[in-house]
Amino acid sequence: MSHPLLDRLHNEFNYPLLTTDSLDEFTRQNTLTVLFFTGDPIRQKETADVAVVLPEIIGQFPQLSAAVIDRGSELELQKKYNFLVWPALVFLREGEFLGSITKIRDWSEYLDEIPKILSRTPQPIAS
């Protein structure tokens, strides 16, 4: 994964590293998912902050299954989920897009925004 805080997500929290090919299987196995698009952690300084917050988000919303998107698959999937800013958390229900949160946020914003996202009707995504 190339950054100690990103490695921690895999090694300590067992968040899988997904590619375009493995994403569908993961979302079939998990009803609600959050996908972490890290971008380049050297260029996107907030990536490390989101890597620290993500396990806290999962602690607050245990119905979510988290995964990190492999850097080699990020651009293709970024186009699919139509976000413009990195890092990004993309929320899915049964593989269907619910919404995203980009950059680092105040904790209160996560607590406010995530329930709203999870209650949405899935939205169309680019094909």
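Before going into details, it helps to say that this report is about the structure given with it. Everything numeric in this text was worked out from a predicted model, so none of it was measured.

Before going further, it helps to spend a moment on the pattern of salt bridges. Tallied over the entire structure, the rule returns 5 salt bridges. Linking Glu109 and Arg105 is a salt bridge whose minimum nitrogen-to-oxygen distance equals 3.7 Å. Among the salt bridges present, the one from Arg120 reaches Glu113, with a minimum N-O distance of 3.5 Å. Here Arg120 falls in the partly exposed class, since its relative accessible area comes to 29%. Take Glu113: its relative accessible area is 24%, and that puts it in the partly exposed class.

For the rest of this paragraph, the subject is the pairing of strand 5 (residues 96-102). Along strand 5, 5 of the 7 residues are buried, which leaves the element largely enclosed by surrounding structure. Relative to strand 5, strand 4 (residues 88-93) runs antiparallel, the two being bridged by 6 bridges. Looking at the pairing, Leu89 lines up with Ile101 of strand 5. Between strand 4 and strand 5, which pair antiparallel and follow one another directly, the connecting turn spans 2 residues, one of which, Glu94, has a positive phi of 50°.

So, how was this worked out
Residues numbered from 1 in each chain as written. Predicted model: local features only at pLDDT ≥ 70, side-chain atom pairs only at ≥ 80, totals over all residues. Heavy atoms only, no water. Salt bridge = Lys/Arg side-chain N within 4 Å of Asp/Glu carboxyl O. Buried < 20%, exposed > 50% of the residue type's maximum accessible area, 1.4 Å probe, protein only. Helix = DSSP H or I, 4+ residues; strand = E, 2+ residues; numbered from the N terminus. Pairing = 2+ DSSP bridges.

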